[in-house]
Structures are given as structure tokens and as C-alpha cells.
Amino acid sequence: MSHRLKSLGAKLAGVASLAVAVPLVAAVPAHADTSCGSGLFCIWVNEQYGGTAYRPVGNDPQWSDTSNPAYAVWDADSSWKNRYQSWYWACVYDLKGYQNVTVWVSQGQSIPAVPSNMWANRGASNQGLYSGDTC
Ligand SMILES: [Ca+2]
């Protein structure tokens, strides 16, 4: 094989590697963080745990406060993971102060897209409850 043909082969191999790498990068954007550590309730603005996340360790009565990290998911929550260790339910409410439940996630459960009996993009507060309680 001539030097020229070897060089072309190397270039084609490089193109093939790039063609494989691009879809992998597109499937998992660099900013996506789908993790949810033990003891946390995790809430994302997009379905499939995409976009900005809020990961409270406890109850939050008012997401709409602009100084609250929860502001990023206020009326924008679209996927959820419950990794609480003591509470069983992670509850999301339409209004501040835990009024009008929109989403309820059991301990260990992950919800990648809103089920038909719940409401996405409505959250304004969240609290944890024990297994005998109702959101
Ligand atoms: Ca959303």
C-alpha cells in the first residue's frame, strides 16, 4: 500500500470514529445530570431527568421565591426521583404551603414523564410524608 493510500485509510478511520461519537454526545448533553443521591428528592424541568434540577433534602413551602434554588423548577417540574430514606412520599403541590397536590412519588420511585393522573409544570412547593399519610 502506498503512503498516500495509508494516509487516506487513516483519515477514513478518523471519520468513522467521529460518526460513532457524535450520536453519543447528542444523546447525553454535557450539562445533563440525572443523578439523585440518597436522602434527596430530585426534580427536573424536562422529562427524562433533563435540564436544570432541584434536589431538596427536606420540605420547601415556596418555590416561587427568586432567591430559592427551587425557583428554577417552579411551574416547570416534568420528571422526579424520590430517594428519601425516612419519608415514604415525596409530594409536589400546585400552590405554596403544600396546597393542591400535583405529583406524588413513592420511596425509591422514579417518574421520567408525567402520568395521566398527575400534573407536570405546576409545582410550587414540596414536602415529604410517611407511608401512612396521603399527599
Ligand atoms: Ca417542564
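Note that the structure is a prediction, hence the values are computed from the model and not measured.

Here is what the cut-offs are and how they apply
Residues numbered from 1 in each chain as written. Predicted model: local features only at pLDDT ≥ 70, side-chain atom pairs only at ≥ 80, totals over all residues. Heavy atoms only, no water. Pairing = 2+ DSSP bridges. Helix = DSSP H or I, 4+ residues; strand = E, 2+ residues; numbered from the N terminus. Disulfide = S-S within 2.5 Å. Buried < 20%, exposed > 50% of the residue type's maximum accessible area, 1.4 Å probe, protein only. Phe/Tyr/Trp six-rings, centres within 6.5 Å; stacked < 30°, edge-to-face > 60°. Axes fitted to C-alpha atoms, helices over the stretch in contact; angles between N-to-C directions.

1. Let's talk about the pairing of strand E2 (residues 50–54)
Sheet analysis places strand E1 (residues 41–46) next to E2, joined by three bridges and oriented antiparallel. Along E2, the bridge assignment pairs isoleucine 43 with tyrosine 54. Linking E1 to E2, which pair antiparallel, is a turn of three residues; within it glutamine 48 sits at a positive phi near 60°.

2. Observations concerning the state of the cysteines
Tallied over the entire structure, the rule returns two disulfides. With a sulfur-sulfur separation of 2.0 Å, cysteine 36 is cross-linked through a disulfide to cysteine 42. Between cysteine 36 and cysteine 42 the disulfide shows an S-S torsion of about 90°. By sign, it is right-handed. Pair check on accessibility: cysteine 36 and cysteine 42 agree, each one buried. Between the sulfur atoms of cysteine 91 and its disulfide partner cysteine 135 the distance amounts to 1.9 Å. Residues cysteine 91 and cysteine 135 are joined through a disulfide that is left-handed, its torsion about the S-S bond being -65°. Here cysteine 91, found in strand E4 (residues 89–95), pairs with cysteine 135, found in the segment after strand E7 (125–129); they are 44 residues apart in sequence, far enough to count as distant.

3. Brief notes about the packing of aromatic side chains
Tallied over the entire structure, the rule returns seven aromatic pairs. With a centroid separation of 6.1 Å and an interplanar angle of 75°, the aromatic rings of tyrosine 54 and tryptophan 63 are classed as edge-to-face. Take tyrosine 54 and tryptophan 63: they sit in the same class, and that class is buried. Centroid distance tyrosine 84 to tryptophan 87: 5.0 Å. Interplanar angle 70°. Geometry classified as edge-to-face. Accessibility assignment for this pair places tyrosine 84 and tryptophan 87 in one class, buried.

4. Side note on the sheet that holds E4
Strands sit in the order E5-E4-E7 across an open sheet of three strands; the sheet is antiparallel. Of all strands in the sheet, those with a lone pairing partner are strand E5 (99–106) and E7, marking the two edges. Each adjacent strand pair in this sheet contributes to an overall mean axis angle of 25°, direction not counted. Direction of pairing for E4 relative to E5: antiparallel, over a ladder of six bridges. From the neighbouring strand, leucine 95 faces E5, where its bridge partner is glutamine 99.

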